[in-house]
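# Remarks on the overall topology
Take a look at the letters that make up each chain.
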Amino acid sequence: MIEATSTSLRRAGARVGSAVRVRRAVIAAAAVVAGAATVLAPTSASAVNVADRSEVISKENGGLFTFLNNGTNANGTINWGPKTQNGWGWNGADDSVYFADLDGNGWSEVISKENGGLFSFKNNGVNANGTVSWGPKTQNGWGWNGADDSVYFADLDGNGWSEVISKENGGLFSFKNNGVNANGTVNWGTKTQVGWGWNGANSSVYFADLNLDNRSEVISKENGGLFSFKNNGTNANGTVNWGTKTQIGWGWNGANSSVYFADLLP
């Protein structure tokens, strides 16, 4: 954790969205869930799950429910744990909640967008009964008044902390995550353009680490095809050294929001 003096991200007219696809997660979004209210905050944490496997999470009638990923069986199926409620009062839009590791400890925080603000609940680990020990609600952004599905969280530089990324008028812009301050806010860097010409639907853009180098590729869905741009690292000015556009999938003709990326193997 970094002790820093700068505070949370502030910007006017930001457009916000979903699509959280982040590796290195205990609570990672295999399905983006939503809401903006209260979450369960147990008083103690035990039996912390540090496995590098994504859980599956559902939102039902304002509740958040997780199924712990206990690993892959010999036949390729997943050994899911029992359904466990990990939040209440999440009654907002499905695209207004995100999961991302903001402090680099390997566990994903849950993040909500409410009235233009971004709020995070620190993940302090998993209790013996499968619930998550959430920290207090902390504001980490202001002025995010646009669409819920035009903001993403992904680790672009491979340091274990997720950047926040916005899509605005066909451009992709990132705010580097320089670590978490003592008060729980994130020390965001300056706004940096990292992409041009992204004029498709917000929901057709994804971020995921496809080659296990800890840096997220950017992926687009176009006319049923999936295309990736390899992340070769960040430049000195904060831009990303993207590789060439490469088709990695065919026949994905369903809704954009029905495609997910998650690490299911240890």
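A short tour of the structure in this document, coming up. Please read these numbers as outputs of a predicted model, since none were measured by experiment. (Residues numbered from 1 in each chain as written. Predicted model: local features only at pLDDT ≥ 70, side-chain atom pairs only at ≥ 80, totals over all residues. Heavy atoms only, no water.)

In spatial order, the strands read 14-15-16-17; together these four strands make up an open sheet with antiparallel pairing. Looking along the sheet, the strands with just one partner apiece sit at the ends: strand 14 (205-208) and strand 17 (240-249). Each strand axis lies, on average, 25° off the axis of its neighbour in the sheet, ignoring direction. Bridging between strand 14 and strand 15 (residues 217-222) involves four bridges; their strand directions are antiparallel. (Pairing = 2+ DSSP bridges. Helix = DSSP H or I, 4+ residues; strand = E, 2+ residues; numbered from the N terminus. Axes fitted to C-alpha atoms, helices over the stretch in contact; angles between N-to-C directions.)

By the bridge criterion, five bridges tie strand 3 (residues 56-60) to strand 4 (residues 63-72) in an arrangement that is antiparallel. The partner of Glu60 across the bridge, within strand 4, is Gly63. Adjacent in sequence and paired antiparallel, strand 3 and strand 4 are bridged by two residues, among which Asn61 carries a positive phi angle near 50°.

Turning our attention to the nonpolar core. Core analysis: the biggest nonpolar cluster contains 13 residues, and Leu102, Ile111, Trp144, Phe153, Val164 and Trp188 have the highest contact counts within it. Mapped by element, the contributors of at least two residues to this core are strand 6 (97-100), strand 10 (151-154), strand 12 (171-180) and strand 13 (186-195). If near-sequence neighbours (up to four positions away) are discounted, Leu102 is found in contact with Glu109, Ile111, Ser120, Phe153, Trp161, Ser162, Asn177, Val180, Val186 and Trp188. Within the second largest apolar cluster, twelve residues are counted, among which are Leu156, Ile165, Trp198 and Val218. (Core = buried A, V, L, I, M, F, W, Y, C linked by side-chain atoms within 4.5 Å. Buried < 20%, exposed > 50% of the residue type's maximum accessible area, 1.4 Å probe, protein only. Contact = heavy atoms within 4.5 Å.)

Let us now look at the environment of Trp142. When you line up the elements, Trp142 lands in strand 9 (residues 132-144). Separated by 27 residues in the primary sequence, Trp142 and Asn115 place their C-alpha atoms 8.9 Å from one another. A distance of 3.4 Å separates a polar atom in the side chain of Trp142 from a polar atom in the side chain of Gln139. (Polar contact = N/O pair within 3.5 Å; in protein donor to acceptor, adjacent residues only side chain to side chain.)

What follows deals with the environment of Trp88. Along the chain, the position of Trp88 falls in strand 5 (residues 78-88). For Trp88 and Glu60, which are 28 residues apart along the polypeptide, the C-alpha to C-alpha distance reads 9.6 Å.

As enumerated under the stated definition, the model contains ten salt bridges in all. A salt bridge links Lys59 to Asp94, with the nearest nitrogen and oxygen atoms 3.4 Å apart. Of the two residues, Lys59 is situated in strand 3 and Asp94 in the loop between strand 5 and strand 6; the sequence distance between them amounts to 35 residues. Owing to a relative accessible area of 25%, Lys59 belongs among the partly exposed residues under this scheme. A residue is classified by how much of its surface remains accessible, and Asp94, at 46% relative accessible area, is partly exposed. For the salt bridge of Lys113 with Asp148, the shortest nitrogen-to-oxygen distance reads 2.9 Å. Placement of the pair is Lys113 in strand 7 (residues 109-114) and Asp148 in the loop between strand 9 and strand 10, with a sequence separation of 35 residues. Considered together, Lys113 and Asp148 belong to a single accessibility category, that of buried residues. Through salt bridges with shared partners, a single ionic network connects Asp213, Arg215 and Lys230. (Salt bridge = Lys/Arg side-chain N within 4 Å of Asp/Glu carboxyl O.)

For the rest of this paragraph, the subject is unusual backbone geometry. Within the chain, Leu212 stands out as a residue other than glycine whose phi angle is a positive 65°. Tracing the chain through its elements places Leu212 in the loop between strand 14 and strand 15. Located in the positive-phi region is Asn223, a residue other than glycine, with phi close to 50°.

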